[in-house]
Amino acid sequence: MRKLKGEIYLLLAAVIWGSAFIFQKMGMDYIGPFTFSFFRFTLGSLALLPVIFIVGKVNGSKQTADRKQITPFRDRQLMTGALLCGLANFVAGSLQQVGIVFTTAGKAGFITSMDIVIVPVILLFMKKKVPFLTWLGIAIAAFGLYLLCITDGFSIQLGDGLVMACAVAYSFQILLIDYYSERVDVLKLSFMQFFLAGIMSLVPALLFEEIAFQAVIDCGVPILYTAVLEVSIAFTLQIAGQKHTPPAVATVIMSLEAFFSAVCGTLFLGETMSGREITGCVLMMAAFIIAQIPEMRHNE
């Protein structure tokens, strides 16, 4: 029953993340990408504070609480991890938010999900062993990405290229979170990295964009959806879900974010995909699953 509940939590997180792309796209009708990222990350981090408080109270009442569950905010390792994760999140979020101006929400969702197969490539450079099926998944994903993004003239659209770079940045963030989540309080790490990413986004927003109060108010729904649901609630669902779900299975479920982004883009923004692009999406989804088979076998 717990396993089923965990899978439902992860599925809900994937739905939120996938649908968030349409709100990110809508937000660009009102304010600049860096301004949007500032409000999205900052408000999202603040929305995590009640969760941190409640979890802290629960863990504080347990005599057997782990050290990482009671990590103080001033902990040096927590601050270092938050700074590195926040920087990676800022770079990835900025590339995604700027890129989505020039591409569709559906394509952005699929390309961003490429981090699932980019991570093994990074691990190879770190001299980690990568199973054959994972490499097969990477090859299939690369071909699917070609069908999805590369035009007949072998050129790539600006928005697609920026979102590809975003997927690479998110891959580094995944590895950083994987490292630090074993050593510090995950919720506090999340709060600090999102807050720092928001502050980092404010600098280019002030330098390159015009921040109008009325425009921010008009953009309230996209900002609140991405901040509260995408950043805060979906992340909490992910943590709760992964407690009862094997990592590989969890990754496959969360990769459905790409599917939901395409569906939501079609239903709510009127976006359409050609047969070539749909084939690319199908191949990428198959690649996400194939790349996780070795880990699934390991967890059986």
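So, a few notes on the structure that sits alongside this text. All figures in this text were calculated on a predicted structure; none of them were measured in a lab.

Calculation rules
Residues numbered from 1 in each chain as written. Predicted model: local features only at pLDDT ≥ 70, side-chain atom pairs only at ≥ 80, totals over all residues. Heavy atoms only, no water. Helix = DSSP H or I, 4+ residues; strand = E, 2+ residues; numbered from the N terminus. Patch = residues over 30% accessible without salt bridge, like charges linked within 9 Å, V, L, I, M, F, W, Y side chains within 5 Å. Areas by Shrake-Rupley, 256 points an atom, 1.4 Å probe, with all protein chains shown as cover. Salt bridge = Lys/Arg side-chain N within 4 Å of Asp/Glu carboxyl O. Buried < 20%, exposed > 50% of the residue type's maximum accessible area, 1.4 Å probe, protein only. Polar contact = N/O pair within 3.5 Å; in protein donor to acceptor, adjacent residues only side chain to side chain. Core = buried A, V, L, I, M, F, W, Y, C linked by side-chain atoms within 4.5 Å. Contact = heavy atoms within 4.5 Å.

Glancing now at the environment of Phe 208. With respect to the helices and strands, Phe 208 occurs in helix α9 (residues 186–208). In the structure, Phe 208 is positioned 174 residues away from Phe 34 in sequence and 8.7 Å away in space, judged by C-alpha atoms.

Judged by side-chain polarity, Leu 43, Leu 46, Leu 49, Phe 195, Ile 199, Leu 224, Val 228 and Ile 233 come together as a nonpolar surface patch covering roughly 580 Å² of accessible area. Of all elements in the fold, only α2 (33–47), α9 and α11 (220–242) reach the threshold of two or more residues within the nonpolar patch. In terms of residue count, α11 provides more of the nonpolar patch than any other element does, 3 residues in total. Among the secondary structure elements, Leu 224 is positioned in helix α11.

A few words now on the pattern of salt bridges. Inspection of every chain in the model, using the stated rule, returns 3 salt bridges. The partner of Asp 160 in a salt bridge is Lys 107, with the nearest N and O atoms 3.1 Å apart. One end of the pair, Asp 160, is in helix α8 (residues 158–180); the other, Lys 107, is in helix α5 (residues 105–112), with 53 residues separating them in the sequence. Summarising the burial analysis for this pair, Asp 160 and Lys 107 share the class buried. A salt bridge links Lys 107 to Glu 277; the nearest nitrogen and oxygen atoms lie 3.5 Å apart. Of this pair, Lys 107 sits in helix α5 while Glu 277 sits in helix α14 (residues 275–298), and the two are 170 residues apart along the sequence. Comparing Lys 107 with Glu 277, the two get one shared label, buried. A single salt-bridge network, built from bridges that share partners, covers Lys 107, Asp 160 and Glu 277.

Another point: the side chain of Ser 232. Position of Ser 232 relative to the elements: it lies in helix α11. Among the polar contacts listed, one links the side chain of Ser 232 to the backbone oxygen of Ala 47, at a separation of 3.5 Å.

Attention now moves to the nonpolar core. Core analysis: the biggest nonpolar cluster contains 37 residues, and Ile 31, Phe 110, Met 114, Met 284 and Phe 288 have the highest contact counts within it. Of all the elements, α14 adds the most residues to this core, at 5 residues. Beyond its immediate stretch of four places on either side in the chain, Phe 110 contacts Leu 148, Ala 258, Phe 259, Ser 261, Ala 262, Cys 281, Met 284, Met 285 and Phe 288. Counting residues in hydrophobic clusters, the runner-up holds 18 residues, among them Phe 41, Cys 85, Phe 194 and Phe 235.

Just geometry here; none of it tells us what the structure is for.
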